[in-house]
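# Fold and geometry: a report
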Amino acid sequence: MLLGVNIDHVATLRQVRGTSYPDPVAAAAIAEMAGASGITAHLREDRRHIQDRDIELLMQTVKTKVNLEMAVAESVLDRALALKPHCACLVPERREELTTEGGLDVRGSFKRVRNAVTALQGNGTVVSLFIEPDAAQIAAAAKTGAAFIELHTGSFANAATEADRARELARLVKAAVAARKAGLRVNAGHGLHYHNVALLHRVPHLEELNIGHAIIARAVFAGLDQAVRDMVALIQ
């Protein structure tokens, strides 16, 4: 498995004071040098953290790949088509949420999702769909033509007991197997941290984990370079 580092929370710290620092683009460079396989950033409709200029600069400076998290919204889709990120992960988005809550309902909004996938992939961007480990959503994702799914690991990460965690891990295993059988490649992310990430070695076919909050939180005490290296070591 590889590690994609989400730099949103560096931008959150910047925006809360309206300063020019800390710079998420600089954070991306540190993360790459520490072993990240890619840089993930969520360009939200409300621009609460990552800004358009951040993505523009990331496209100019990132040496691995830029993974743009985005809602299936016309305004953001237009920006993505102009920016041409290496990868895009389509996610659900609500203004009142603190962070992305749950997976994208591909089945319930199939036409919109499929049209976005077609437009992005026709523009040279590899597309992933952020979904729950659910058979119906996996089947719908395969029909959109997307190359990847990213399994939402929030329920696993938030499990209160060992029994709950084992049940959620089993769901992820089953979903990863079903996705590969459907011709999809598999990533995962959300809520993963230094104390639970090793368990995902039990999930087959995972290619990359996207992790942000835990790494940035550890960086407050250990520095970003060390925080990324520690997570890479756990994953490897």
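Residues numbered from 1 in each chain as written. Predicted model: local features only at pLDDT ≥ 70, side-chain atom pairs only at ≥ 80, totals over all residues. Heavy atoms only, no water.

Here the focus is the pattern of salt bridges. Per the counting criterion, the structure on display carries 13 salt bridges. A salt bridge links D46 to R44; the nearest nitrogen and oxygen atoms lie 3.8 Å apart. On the accessibility criterion, D46 (29% relative accessible area) is partly exposed. For R44, a relative accessible area of 2% gives the class buried. (Salt bridge = Lys/Arg side-chain N within 4 Å of Asp/Glu carboxyl O. Buried < 20%, exposed > 50% of the residue type's maximum accessible area, 1.4 Å probe, protein only.)

So, about the packing of helix α4 (residues 74-83) against helix α5 (residues 110-122). In a pair of packed helices, the angle between the axes and the distance between the axes together describe the arrangement. Where α4 contacts α5, the two axes come as close as 9 Å, and the packing angle between them is 15°. Relative to α5, the element α4 is oriented roughly parallel. In this structure, α4 crosses over α5, and the sense of that crossing is right-handed. Contact residues: L77, A80 and L81 in α4; A116, A119 and L120 in α5. Looking at side-chain class alone, the contact of α4 with α5 contains six nonpolar, no polar and no charged residues. (Axes fitted to C-alpha atoms, helices over the stretch in contact; angles between N-to-C directions. Helix = DSSP H or I, 4+ residues; strand = E, 2+ residues; numbered from the N terminus. Parallel < 35°, antiparallel > 145°, perpendicular 65-115°, else oblique. Left-handed = near helix turned anticlockwise from the far one by under 90°. Contact = heavy atoms within 4.5 Å. Nonpolar A, V, L, I, M, F, W, Y, C, P; charged D, E, K, R; others polar.)

Turning next to the environment of A198. Topologically, A198 is positioned in the loop between β7 (185-189) and β8 (206-211). Linking A198 and Q236, residues 38 residues apart in sequence, is a C-alpha distance of 9.0 Å.

Before going further, it helps to spend a moment on unusual backbone geometry. Here the amide bond leading from Y21 into P22 is cis, since omega sits at -5°, within 30 degrees of zero. Within the chain, R47 stands out as a residue other than glycine whose phi angle is a positive 50°. Relative to the helices and strands, R47 resides in the loop between β2 (38-42) and α3 (52-61). Its identity as a non-glycine residue notwithstanding, H190 has a phi of 115°, on the positive side. By the secondary structure assignment, H190 is in the loop between β7 and β8. Under the relative-accessibility criterion, H190 is labelled partly exposed at 22%.

Note on placement: R165 falls in helix α8 (residues 162-181). A distance of 2.8 Å separates the side chain of R165 from the side chain of E162, its partner in a polar contact. Contact partners of R165, with chain neighbours within four places excluded, come to F156, A159 and L199. (Polar contact = N/O pair within 3.5 Å; in protein donor to acceptor, adjacent residues only side chain to side chain.)

Below, the discussion takes up α3. Within α3 the residues assigned to the buried category are D52, D54, I55 and L58. Summarising the axial view, the buried residues of α3 lie within an arc of 160°, below the 170-degree limit, and thus occupy one face. Exposed positions of α3 whose direction lies more than 90 degrees from the buried face are R53 and Q60. (Arc of directions from axis to C-beta.)

To continue, consider the sheet that holds strand β3 (residues 66-70). Within the closed barrel, the eight strands sit side by side as β1-β2-β3-β4-β5-β6-β7-β8. Their pairing is parallel. Direction aside, the axes of adjacent strands within the sheet are offset by 25° on average. Examined bridge by bridge, strand β6 (residues 148-152) and β7 share five bridges and lie parallel to one another. Along β7, the bridge assignment pairs L151 with A188. (Pairing = 2+ DSSP bridges.)

Attention now moves to the nonpolar core. One finds L58, L90, L129, I211 and I215 to be the most contacted residues of the largest nonpolar core, which totals 72 residues. Per-element tally for this core: the top contributor is helix α10 (residues 224-235), with six residues. Residues in contact with I211, not counting those within four places in the same chain, are L3, G4, V5, N6, L192, V197, M231 and I235. (Core = buried A, V, L, I, M, F, W, Y, C linked by side-chain atoms within 4.5 Å.)

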